[in-house]
Amino acid sequence: MTTPRTHTAVAVVGARQPLEAIRVPTASPEADEILIRSQFTASTPLDLHRADGGLLQQPGDIFGSTTVGVKPRYRAHQEYVTAPEWMFGKIPENITAEEAATVPENLITVFNTMATDLGLPTRWPKPEGYVPSNADDPILVWGAGSSVGQFALQVLRWYGYRHVLATASPSHHEYLRGLGASACFDYRDADVAEKVLAAASEMAQHGNGGKGGSAVVPFIIDCIGSRNGSLGPILTKKIAQPSSVVAVMLPVILTHAGPDQAPEYAMDAPEVARSLLGPGAESSGVTVKGVRTFFVYENSPLFKAKLPSEIMPALLAQGVVTPQRFRIVEGGSILEREENALRQMREGGVSGVKLVWRTSDQ
Ligand SMILES: NC(=O)c1ccc[n+]([C@@H]2O[C@H](COP(=O)([O-])OP(=O)(O)OC[C@H]3O[C@@H](n4cnc5c(N)ncnc54)[C@H](OP(=O)(O)O)[C@@H]3O)[C@@H](O)[C@H]2O)c1
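Thresholds applied
Residues numbered from 1 in each chain as written. Predicted model: local features only at pLDDT ≥ 70, side-chain atom pairs only at ≥ 80, totals over all residues. Heavy atoms only, no water. Helix = DSSP H or I, 4+ residues; strand = E, 2+ residues; numbered from the N terminus. Polar contact = N/O pair within 3.5 Å; in protein donor to acceptor, adjacent residues only side chain to side chain. Contact = heavy atoms within 4.5 Å. Near = heavy atom within 4 Å. Areas by Shrake-Rupley, 256 points an atom, 1.4 Å probe, with all protein chains shown as cover. Domains from an automatic or database assignment. Pairing = 2+ DSSP bridges. Axes fitted to C-alpha atoms, helices over the stretch in contact; angles between N-to-C directions. Phe/Tyr/Trp six-rings, centres within 6.5 Å; stacked < 30°, edge-to-face > 60°. Lys NZ or Arg CZ within 6 Å of the ring centre and 35° of its normal. Buried < 20%, exposed > 50% of the residue type's maximum accessible area, 1.4 Å probe, protein only. Salt bridge = Lys/Arg side-chain N within 4 Å of Asp/Glu carboxyl O.

Where an unreviewed UniProt entry is consulted, the chain appears under the name Enoyl reductase (ER) domain-containing protein, with the organism given as Apiospora phragmitis.

Given below as structure tokens:
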């Protein structure tokens, strides 16, 4: 590959401002880094949080989420990316480049959430016949139709958790059962909490009675992080009970981004929980944790050594994890494709699919 001197990247100018295509120097690899020419990337809600809410964003920053995108040269929405080799994994032969673009961010998020926030072991290699000690404890994946949720179901199933409950739009229920959900519920139902609790009690009775403490649902992953749409019902409708741990995807969304609406976010999940539960929050016995996958490699040397380079490719090659269904975002340039993807997310038209687009025009 002939390395160019400069290449095109998409950068943010300011919150809710049009993005810009800029030319940036193509960084020569140093130390353990390699330079790759990118083919496809995906847009994720984090891009919208950055573009419209200014979250974790300085003017001029290059766009695109990677799990450790602290340096502009590591970011995904550009033609060339220079980053340490251990951050990359080889795409297995059974997976296309477009499919591969749907996987890393949220598969990594799921491993980080399990290990760091829920305290569930993520043993690698998984021993033959492995059964986790909490195998019969009900686990709720709220928002399982999301990208995080779909990978959570698959990874939990693979590690041997038998009672994984999911909330999602009914149109996804059959698909999500295929990914590992034991039972699915519509999160828009007024009595969704009662239904989840009834199913979880039933499952725990038929399992070993649950080992996670007194809560009916000891482990909850809030894949959405919406104050009123997910964390609110989980806490105020008492799905989370004393000794439950709730891992919430940050940022907590206070107001959703819309075509004419600036979003509002909070990064302190326990504080949002206090605002929902009022004075009873301290005595609720519920632990609320904000997930920060940004720190995944600081949290775990195993993940740094193996997650992108070995665990992800192996799980894909073995069919343990299926890439997410995706929609290709078209556009005449890298900038147009990025803007079109953001618009689709802003308009709320993304349900169960990942938005994937070409980073290069050639
Ligand atoms: N902090 C971290 O480490 C971290 C890491 C990864 C992601 N995140 C955050 O996690 C969130 C989800 O990311 P993603 O990529 O998985 O999103 P996504 O795939 O774009 O999520 C879209 C899905 O969200 C579901 N949804 C929306 N509101 C819901 C609600 N109130 N209850 C249940 N489901 C709801 C919809 O489900 P239906 O189609 O079923 O209606 C839709 O399919 C984003 O805010 C992202 O920034 C944080």
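Bringing the side chain of Q154 into the picture now. Within the secondary structure layout, Q154 lies in helix 4 (residues 147–159). Here the side chain of Q154 touches Q150 through a polar contact of 3.2 Å, landing on its backbone oxygen. There is a polar contact of 2.7 Å between the side chain of Q154 and the backbone nitrogen of T322. Filtering out sequence-adjacent residues up to four positions away, Q154 remains in contact with L179, V320, V321 and T322.

Right, let's get into the site of the ligand. Looking at the ligand, there are 27 residues lining it, with S169, Y187, V291, T293 and S351 nearest. Here an oxygen atom of the ligand sits 2.7 Å away from a polar atom, N or O, in the side chain of T293. Here an oxygen atom of the ligand and a backbone polar atom of G352 are 3.1 Å apart. Expressed as a share of its isolated accessible area of 940 Å², the protein-covered part of the ligand is 86%. Breaking the shell around the ligand down by element, the ones donating at least two residues are helix 1 (45–53), helix 3 (104–118) and helix 4. Looking at which element gives the most residues to the shell around the ligand, the answer is helix 1, with 3 residues. Formed jointly, the shell around the ligand draws a minimum of three residues from each of two domains, domain 1 (6–102 + 324–358) and domain 2 (106–296).

This next bit is on the sheet that holds strand 15 (residues 354–358). The strand order across the open sheet formed by 3 strands is 4-15-14, and the pairing between neighbours is mixed. The open sheet terminates on both sides in strands that have one partner only, identified here as strand 4 (40–43) and strand 14 (326–328). Going from strand to strand, the sheet's axes swing by 35° on average, the running direction of each strand aside. As defined by bridge partners, strand 4 adjoins strand 15 across 4 bridges and the pair is classed as antiparallel. Residue T41 lies in a different strand from strand 15, and its bridge partner there is W357.

Turning to the sheet that holds strand 10 (residues 245–249), a few remarks are in order. Pairing in this open sheet of 6 strands is parallel, and the strands run 8-7-6-9-10-13 from one edge to the other. Of all strands in the sheet, those bounded by a partner on one side alone are strand 8 (183–185) and strand 13 (287–291). Each adjacent strand pair in this sheet contributes to an overall mean axis angle of 20°, direction not counted. Note: strand 6 (residues 139–142) against strand 7 (residues 164–167), 4 bridges, orientation parallel. Among the inter-strand pairings, L140 is bridged to a residue of strand 7, identified as L165.

How two aromatic rings sit relative to each other is set out by the distance from centre to centre and by the angle between their planes. One pass over the full model with this rule turns up 7 aromatic pairs. Put simply, the rings of F111, W124, Y130, W158, Y159 and F303 touch in pairs and so form one group of aromatic residues. Over the ring of W158 we find K126, and its NZ or CZ is 4.3 Å from the ring centre. A cation sits over an aromatic face here: R325 above Y175, 3.5 Å from the ring centre.

Next up on the list: helix 1. Residues separated by three or four positions in an α-helix point in the same direction, a consequence of the helix having 3.6 residues per turn. Counting buried positions along helix 1 yields 7 of 9 residues, so the element is predominantly enclosed. Three or more residues of helix 1 are buried, namely L46, D47, L48, H49, R50, A51 and D52. In this fold, the buried residues of helix 1 make contact with strand 4, helix 3, strand 11 (252–255), strand 12 (264–266) and helix 11 (334–346).

Okay, the pattern of salt bridges next. Inspection of every chain in the model, using the stated rule, returns 8 salt bridges. The salt bridge partner of R274 is E271, with a shortest N-O separation of 3.1 Å. A residue pair is termed a helical-turn pair when its members lie 3 or 4 positions apart in one helix, as R274 and E271 do in helix 8 (residues 269–277) at 3 residues. Several salt bridges share partner residues, and in doing so they unite D189, D191 and K195 into one network.

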